[in-house]
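Examination of the molecular architecture
One-letter residues, chain by chain:
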Amino acid sequence: MGKAAIIGAGVSGLSMANYLEKNKIDYHLYERRTPNDLKGHGFILPKEGIEFLSEIIDIDELYAKGSFLKKYIHYNRSGEIISEKDLDNVFVVSRSALIEILAKGVPADKISYNSTVALNGFEDGKAQITLDGSQKLDADIVIASDGSRSRLRRTIFQDETMKAVLENEVVNIIENEALAGEIESNFLKFHHENGGLTFGVLKLSSSKILWYCQFDITKYFINEDYTPDCIRQFMLDNFGTWNPLISSIIEGSSYENAHIWRVYELEKLNPFYHRNVVFIGDAAHPLIPFTSQGVTSALKDSFTLTNLLTEGKPLQETFQKYEEERRPEIDIHIANGRALLDQFLLPLDEQPKNTLPISYK
Ligand SMILES: Cc1cc2nc3c(=O)[nH]c(=O)nc-3n(C[C@H](O)[C@H](O)[C@H](O)COP(=O)(O)OP(=O)(O)OC[C@H]3O[C@@H](n4cnc5c(N)ncnc54)[C@H](O)[C@@H]3O)c2cc1C
């Protein structure tokens, strides 16, 4: 096999680079952001995600940066418990910590930051890709891991329709040792009785907590300036009278690193490959946050694709097998994600009492 160009150093691109590195397959990874621009949120990872990660990273380093969640507790907004569920080795870690750990497995001369790659069509069946608008890159395989709004994908599949998901999120990570101690290893989630509004809080480490809110965009509106003050005001307006735990968290939080996530999904998935371009992670299949399966799916894509590449079969056969192996599971997560979204929009008394907060295949 010749050289692979990996486009995008999120979890999918970085995990792909780690697997290729382990299997001594030639590659270079291009990422448009700077190495220190690690904005984002936290990831909830099911047990399977941890298992895949343990093949490529020092798992103790990951454990030191996050925490296991033991129990999911579902409350109404005044703080009465609606249901409780034990969680089996579900782990939570900040996106920045996971990205940093994954990046350690990629030698410095095999990753270029501040490097935006574009696709300018195909010649003799091969993708013509350029770096920063001019420099031509030579690659036998292009691995597109450029995220849910993948430019490479949209250049190839020009008829695709991306649609806004009715749910958006505010996510924040704050230092608060006392609260981290108080919530222990529980995943607390509070729901508005009319549906379409939740507040979740979990412990990342002994001093850090992650909180987030999910809101129905047809009912709740946030000022599009997205400044820390606007986000704070949105949180106070909508959660200020909830259970005192929540009001104290939102009043006591700094909003400098709070982030608003606009969520999109593909109306219909495209093929996972086209000629010598193959898609992994969100670029192949954006999954809505309710599933908590985006990272694990990205890891499984990288793992599956690498294994197939090492077999040395013709590229089209390799890519076809990759799609055949990965697509059925993705279809399940998409369906589960839509069901979880529908539940979220329902009034609390119409929601099933015993559902887990994530999608399982
Ligand atoms: C609010 C929210 C909460 C979520 N919660 C969870 C969760 O709890 N658990 C979970 O498993 N998943 C969760 N997800 C999903 C998860 O974030 C994604 O599935 C996962 O991060 C996908 O990683 P990726 O590498 O495919 O894409 P991304 O993380 O989007 O990475 C794409 C990378 O490509 C780079 N890039 C883009 N275009 C170019 C270009 N032209 N040239 C070079 N570089 C480029 C970008 O800068 C970026 O670094 C959540 C998502 C959201 C929005």
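This text follows the structure it describes.
Residues numbered from 1 in each chain as written. Predicted model: local features only at pLDDT ≥ 70, side-chain atom pairs only at ≥ 80, totals over all residues. Heavy atoms only, no water.

1. Notes on the sheet that holds strand E10 (residues 141–144)
- Pairing is mixed in the open sheet, where 6 strands are placed in the order E6-E2-E1-E10-E19-E18. The open sheet has two free edges, formed respectively by strand E6 (111–112) and strand E18 (273–274), since each of these has just one partner strand.
- In this structure, E18 lies alongside strand E19 (residues 277–279), joined through 2 bridges in antiparallel fashion. Bridge pairing in E19 links Tyr273 to Val278.
- Together, strand E1 (4–7), strand E2 (27–30), E6 and E10 form the strand contacts of helix H1 (residues 11–22), whose direction differs from that of E2 by roughly 165°. (Pairing = 2+ DSSP bridges. Helix = DSSP H or I, 4+ residues; strand = E, 2+ residues; numbered from the N terminus. Contact = heavy atoms within 4.5 Å. Axes fitted to C-alpha atoms, helices over the stretch in contact; angles between N-to-C directions.)

2. Some remarks on the pattern of salt bridges
- Within the structure shown, the criterion is met by 19 salt bridges.
- For Lys126, the salt bridge goes to Asp138, with nearest N and O atoms at 3.5 Å. Taken together, the residues Lys126 in strand E8 (residues 126–131) and Asp138 in the loop between strand E9 (135–137) and E10 connect sequence positions 12 residues apart.
- Classification of Lys126 by relative accessible area gives partly exposed; the value is 29%.
- By relative accessible area, Asp138 is classed as exposed at 64%.
- Glu265 is paired through a salt bridge with Arg338; the nearest N and O atoms lie 3.4 Å apart. (Salt bridge = Lys/Arg side-chain N within 4 Å of Asp/Glu carboxyl O. Buried < 20%, exposed > 50% of the residue type's maximum accessible area, 1.4 Å probe, protein only.)

3. With respect to the site of the ligand
- In the neighbourhood of the ligand, 30 residues make up the surrounding shell, with Ser12, Glu31, Arg95, Asp282 and Val295 lying closest.
- Contact between the ligand and Val11: an oxygen atom at 3.1 Å from a main-chain N or O atom of the residue.
- One nitrogen or oxygen atom from the main chain of Ile44 is found 2.8 Å from an oxygen atom belonging to the ligand.
- Protein contact buries 90% of the 1,000 Å² of open area that the ligand shows by itself.
- Those elements that place two or more of their residues in the shell around the ligand are H1, strand E3 (42–45) and helix H9 (294–310).
- With 3 residues, E3 is the largest single contributor of residues to the shell around the ligand.
- Its residues assigned to classes, the shell around the ligand comprises 10 nonpolar, 13 polar and 7 charged. (Near = heavy atom within 4 Å. Polar contact = N/O pair within 3.5 Å; in protein donor to acceptor, adjacent residues only side chain to side chain. Areas by Shrake-Rupley, 256 points an atom, 1.4 Å probe, with all protein chains shown as cover. Nonpolar A, V, L, I, M, F, W, Y, C, P; charged D, E, K, R; others polar.)

4. Description of H9
- With 17 residues, H9 should reach 24 Å at 1.5 Å per residue; the first-to-last C-alpha distance of 25 Å fits that figure.
- Extensive coverage of H9 is indicated by the burial of 13 of its 17 residues.
- Where H9 terminates, the next one or two residues include Gly312, which has phi positive at roughly 70°. (Expected span 1.5 Å × (residues − 1).)

5. Digging into the packing of H1 against H9
- At a minimum axis separation of 9 Å, H1 and H9 run at an interaxial angle of 35°. When the axes of H1 and H9 are compared, the crossing they make is right-handed. Residues Val11, Ser12, Ser15, Met16, Tyr19 and Leu20 of H1 form the contact with H9, whose own contacting residues are Val295, Ala298, Leu299, Ser302, Phe303, Leu305, Thr306 and Leu309.
- Classifying every residue of the contact of H1 with H9 by side-chain character gives 10 nonpolar, 4 polar and no charged. (Left-handed = near helix turned anticlockwise from the far one by under 90°.)

6. Digging into the environment of Arg77
- Within the secondary structure, Arg77 is located in the loop between strand E4 (67–76) and strand E5 (81–94).
- Those residues within four positions of Arg77 in sequence are excluded, and the remaining contacts are His191, His192, Glu193, Thr241, Trp242 and Asn243.

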